[in-house]
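Each chain is listed here by its residues.
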Amino acid sequence: MLSRISARALTAALGGWRTREPAYEALADGIRLLCLDNRIAPRTALPAERELAAALGLSRSTVAAAYGSLRASGHIESVRGSGSITMPLGRRDVGRVTPDTDSIDLQQASPAAWPGLAGVIAAVASDAPSIVARSGYDVLGTPALRALIADDYSARGIATDPSQIMVTTGAQSAIHLIAGVLVGRGDPVVLETPTYPHAADAFAAAGARLIGVPVTTQDGWDLDRATQVFSRSLPVLAYLMPRFQNPTGRTMRPEEQQTILTAAERAGTFLVLDETTADLGIDQTSAEASFAIAPASSRTVLRVGSLGKTVWGGLRIGWIRADPDVIRRLVAARPARELGTPELEQAIAAALFAHMPAIREQRSAVLREGRDALTAALSAHIPEWQVPSTAGGVALWVGLGAPLSSSLVLRARNEGVLLSAGPRFSIDGGHERHLRLPFTAPADQLVRAVEVLSRAWDRVRGETPAQFGEPLEAVV
Ligand SMILES: Cc1ncc(COP(=O)(O)O)c(C=O)c1O
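Given the structure is predicted, the values throughout are model-derived calculations rather than measurements.

Rules and cut-offs
- Residues numbered from 1 in each chain as written.
- Predicted model: local features only at pLDDT ≥ 70, side-chain atom pairs only at ≥ 80, totals over all residues.
- Near = placed C-beta within 6 Å.
- Helix = DSSP H or I, 4+ residues; strand = E, 2+ residues; numbered from the N terminus.
- Nonpolar A, V, L, I, M, F, W, Y, C, P; charged D, E, K, R; others polar.
- Axes fitted to C-alpha atoms, helices over the stretch in contact; angles between N-to-C directions.
- Parallel < 35°, antiparallel > 145°, perpendicular 65-115°, else oblique.
- Left-handed = near helix turned anticlockwise from the far one by under 90°.
- Contact = placed C-beta atoms within 7 Å.
- Domains from an automatic or database assignment.
- Pairing = 2+ DSSP bridges.
- Buried ≥ 20, exposed ≤ 12 C-beta atoms within 10 Å, placed from the backbone.
- pLDDT = per-residue confidence, 0-100.
- Expected span 1.5 Å × (residues − 1).

What about the site of the ligand?
Next up, step 1: Surveying the vicinity of the ligand reveals 13 residues, the closest of which are G170, A171, Q172, S306 and G308.
Next up, step 2: The greatest single-element share of the shell around the ligand, amounting to three residues, is contributed by helix α8 (residues 170-182).
Next up, step 3: Classifying every residue of the shell around the ligand by side-chain character gives three nonpolar, nine polar and one charged.

Encoded structure:
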């Protein structure tokens, strides 16, 4: 069965695609990138040339030339009766370097596991006979782990009872569950832009109308826009990352938290605080809680946490802290999606809580090494890029000074460095002037990646007419 993408959906996904000349190659690059990011699945029928031309305000011959370029590079095939169909990975990377062992994959920002993890797993495994004697999974979370998570919040000044906690298989499934339960078709949902793309996808899949509130590395959250959006659109939910926001690395100042909390309370908006990256402080590791000003028994503030970045993504342990009534609604809706969290992983997670101070120290050291190596390499090789100073989190949100992120990412991919372009983090197609560079990979890989990027940048700049590459001062 073929799926289809409408001209309207493709236009929205492409966003500010027109970053270089000729236009047909820029359009083809935009579609290539959507395929590489899996935002257009293999075996999807693209819109008819005439429809896409009308939606984009282009001549039909420009779209025909873009489709021709995609055919030539093996990204699409023309199928009689079905039009232009995207090809599965591998075939569509004809003439390109496909992901392999030599490539450096910076599309995900996942630090390697905390080195003590294997020992903790081995110790917990000695109790495996008692775990396998039970069903082995549960929809709410084990009492032991829920109590530990609740205690951890309480220790950070957010008094928490285990009835406010449910354990999930990672933060992503927590976000997906929240979106499915609290958001209806057409409901306005506020997200930061740039944001964590899989959260945006989860809310979009629930039928939400996504509304962006800008966050910049220099100025933080756009509070004027935020207050307007809350009062005018009365969003059902706002999804925010208050500490070491992914990808900007920004942390909300107390006054930003206060303004957003007040606006959300007035609008009756559920505030979903994703704290997956909150423990990843580099320059200081005290894990202070954001939004401690919200009442501990708030019915509308939800917090999402995870051990994914703090310990290891492979553990798949996350959680939700919410009002017990909201927890009951989430628990009731969960089995249709998945039956629960494995108990073995929960037992490992529970054992890990005793090691948290050491884990935070180790994470901070690893992330510091990555951040400093990446920052030094960027300043040596590509000094014109605007590199923010970032106190924690997983990535640098780098300003390129020109809207060339997609072209650069495609070019770097040819040379084995895999990245996601700025627009992937946007909810409306913007951010062509930015690139997310995770610093979670080993330092030597980061340095090699910057060397490749520097060469790719020179070429992309060289191919770009001046009007597409004006200096950063011109950025609005
Ligand atoms: C902000 C944010 N939230 C959630 C997730 C998903 O986390 P998990 O691995 O726990 O599902 C990630 C992972 O990249 C993330 O960066």
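Alright, that's what it looks like, and here's the rest.
Digging into the packing of helix α14 (residues 356-381) against helix α16 (residues 443-462)
Next up, step 1: One can describe the packing of α14 onto α16 by two numbers: an axis separation of 9 Å at closest approach and a directional angle of 25°. Taken as axis vectors, α14 and α16 run roughly parallel relative to one another. Between α14 and α16 the crossing geometry is right-handed. Of α16, the residues touching α14 (which contributes E369, G370, A373, L374, A377, L378 and H381) are A443, L446, V447, V450, E451 and S454.
Next up, step 2: For the contact of α14 with α16, a count of residues per class yields eight nonpolar, three polar and two charged.

Regarding the domain arrangement of the protein chain
Next up, step 1: Looking at the assigned domains, one finds that the protein chain contains domain 1 (3-93), domain 2 (104-112 + 362-474) and domain 3 (117-356).
Next up, step 2: The centre of domain 1, based on its C-alpha atoms, is set 25 Å off from the matching centre of domain 2.
Next up, step 3: In this complex, domain 1 contributes 12 residues to the contact, which on the side of domain 2 involves 19 residues.
Next up, step 4: Where the side of domain 1 that touches domain 2 is concerned, the elements lending two or more residues are α1 (7-14) and α2 (23-36).
Next up, step 5: Looking at which element gives the most residues to the side of domain 1 that touches domain 2, the answer is α2, with four residues.

Examining the sheet that holds strand β8 (residues 188-193)
Next up, step 1: If you trace the eight strands from one edge of the open sheet to the other, you get β7-β14-β13-β12-β11-β8-β9-β10, paired in mixed fashion. Strands at the two margins of the open sheet, each flanked by one partner only, are β7 (165-168) and β10 (220-221).
Next up, step 2: Bridge count for strand β11 (residues 237-240) against strand β12 (residues 270-274) is four bridges, and the pairing is parallel. The partner of A238 across the bridge, within β12, is L271.
Next up, step 3: In this fold helix α7 (residues 143-155) packs onto β7 and β14 (318-321), with an angle of close to 115° to the strand it touches most, β7.
Next up, step 4: Sheet contacts for helix α10 (residues 223-233): β8, β9 (209-216) and β10; angle to β9, the most-contacted strand, approximately 160°.

Structural notes on the pairing of β14
Next up, step 1: Of the two faces of β14, the one lined by G318 and I320 and the one lined by W319 and R321 are each fully buried.
Next up, step 2: Pairing of β7 with β14 involves four bridges; the strand directions are antiparallel. Each residue of the ladder has a partner; that of V167, found in β14, is W319.
Next up, step 3: With four bridges joining them, strand β13 (residues 301-306) and β14 adopt antiparallel strand pairing. Bridging from a neighbouring strand, G305 pairs with W319 of β14.

A few points about the packing of α8 against helix α12 (residues 324-333)
Next up, step 1: Look at α8 against α12: their axes get within 10 Å of each other, and the N-to-C directions meet at 100°. The pairing of α8 with α12 is recorded here as roughly perpendicular in orientation. Facing α8, whose interface residues are L177, I178, G180 and V181, α12 presents R329, L330 and A333.
Next up, step 2: In the contact of α8 with α12, the residues fall into five nonpolar, one polar and one charged.

Some thoughts on the confidence of the model for the protein chain
Next up, step 1: Per-residue pLDDT for the protein chain averages 91, and the proportion of residues at 70 or more is 94%.
Next up, step 2: Contacts for the low-pLDDT stretch residues 91-98, under 50 throughout, to residues beyond four places or in other chains number 17 contacts.
Next up, step 3: A low-confidence stretch, residues 467-476 stays under pLDDT 50, and its non-local contacts, those more than four residues away or across chains, total 14 contacts.

A word on α8
Next up, step 1: Here α8 is 13 residues long and its end C-alpha atoms lie 19 Å apart, about the 18 Å a rise of 1.5 Å per residue gives.
Next up, step 2: Regarding α8, the residues found buried are G170, A171, Q172, A174, I175, H176, L177, I178, A179 and L182.

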